[in-house]
Amino acid sequence: MSRTRTALALGTAAAGAIALASVTASAAPVPAAVPVAGSTTVTPAGHAFQAVLSGKATLKAGSVTVTCTVSASTGTVPAAPDNSNPAGPVSSPISPPTYSSCTSSMPGVTPTVTTSGAWAVSMQDGAPITATMTVPTGGLVLKTTGLASCTVTAAPTAPASVAGTWVNGSPSTLTFTNASVPVKVTGGFGCPTSATASVFNAVYKVSDVTDPAQDITVGP
């Protein structure tokens, strides 16, 4: 092949490559803008609070649902200025929530729930105000006895974030609606061992313990 024909072929190939690259680049999806978190302030700064279950809490894994009617946790709003974040949520450590007076949807089965570790809850102002509860690794273990002996461990391999919403009021409320929680289920016959996630539902009323005349509120 002559030098002229070789140069022409190389030039044509290069032009094709450039055209293809141009088409590929123009067809590539444009990344969506990541929303910037707004400011959040939780008040009163430094006040202790208590979250008490309103109604019932349910944890469903597979076809098995455990219902508890007593649950509570305590914590403290960070002292100023840590109770305010100009670009994101405000987080507070909380005591491991307790769960008692629990029943199972499986006949002849008695559930017991134990919790441990470093739990936390964070608030992000917005519409709605969002709340995220952090379950530490293995921080909740549900065991059943009776006709089926099962163990359900929440956040089995890493801490888990449980999404909820917050509404200011007297008292304020923290709600979890069909929130997903990763789980590992072990046991024999009747245990939902194939389940890898559970669905959590609960409503907590959150009150100011330091000064009951005030309310725990979340704002910008």
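Bear in mind that the values here come from a model prediction, so they are computed numbers and not experimental data.

Quick notes on the rules
- Residues numbered from 1 in each chain as written.
- Predicted model: local features only at pLDDT ≥ 70, side-chain atom pairs only at ≥ 80, totals over all residues.
- Heavy atoms only, no water.
- Pairing = 2+ DSSP bridges.
- Helix = DSSP H or I, 4+ residues; strand = E, 2+ residues; numbered from the N terminus.
- Buried < 20%, exposed > 50% of the residue type's maximum accessible area, 1.4 Å probe, protein only.

Asks: Help me understand the sheet that holds strand 5 (residues 84-85) in this model?
Replies: Note on sheets: strands pair through backbone hydrogen bonds, and any given pair is parallel or antiparallel. Read from one edge to the other, the open sheet built from three strands follows the order 5-1-16, with strand pairing classed as antiparallel. The strands lining the two open edges of the sheet, one partner per strand, are strand 5 and strand 16 (217-219). Pairing analysis gives two bridges linking strand 1 (residues 40-43) to strand 5, with the strands arranged antiparallel. Directly across from Thr-40, in strand 5, lies its bridge partner Asn-85.

Asks: Help me understand the environment of Pro-128, please; the structure alone is not making it clear to me.
Replies: Inspection of the secondary structure puts Pro-128 in the loop between strand 9 (119-124) and strand 10 (129-135). Look at Pro-128 and you get exposed, because its relative accessible area is 54%. On a C-alpha basis, the gap between Pro-128 and Thr-165 in space is 6.9 Å, while along the polypeptide they are 37 residues apart.

Asks: Help me out: how do you make sense of unusual backbone geometry in this one?
Replies: Generally, phi is negative for residues other than glycine and the peptide bonds are trans, each holding for most cases. For the bond running from Thr-43 to Pro-44, omega is -5°, close enough to zero to count as cis. Looking at the element boundaries, Pro-44 is found in the loop between strand 1 and strand 2 (48-53). Residue Pro-171 follows Ser-170 across a cis peptide bond; omega there is 5°. Summarising the element assignment, Pro-171 is placed in the loop between strand 13 (160-167) and strand 14 (172-187). Even without being a glycine, Ser-101 presents a positive backbone phi close to 55°. Along the chain, the position of Ser-101 falls in strand 7 (residues 98-104). Overall, the relative accessible area of 47% leaves Ser-101 in the partly exposed class.

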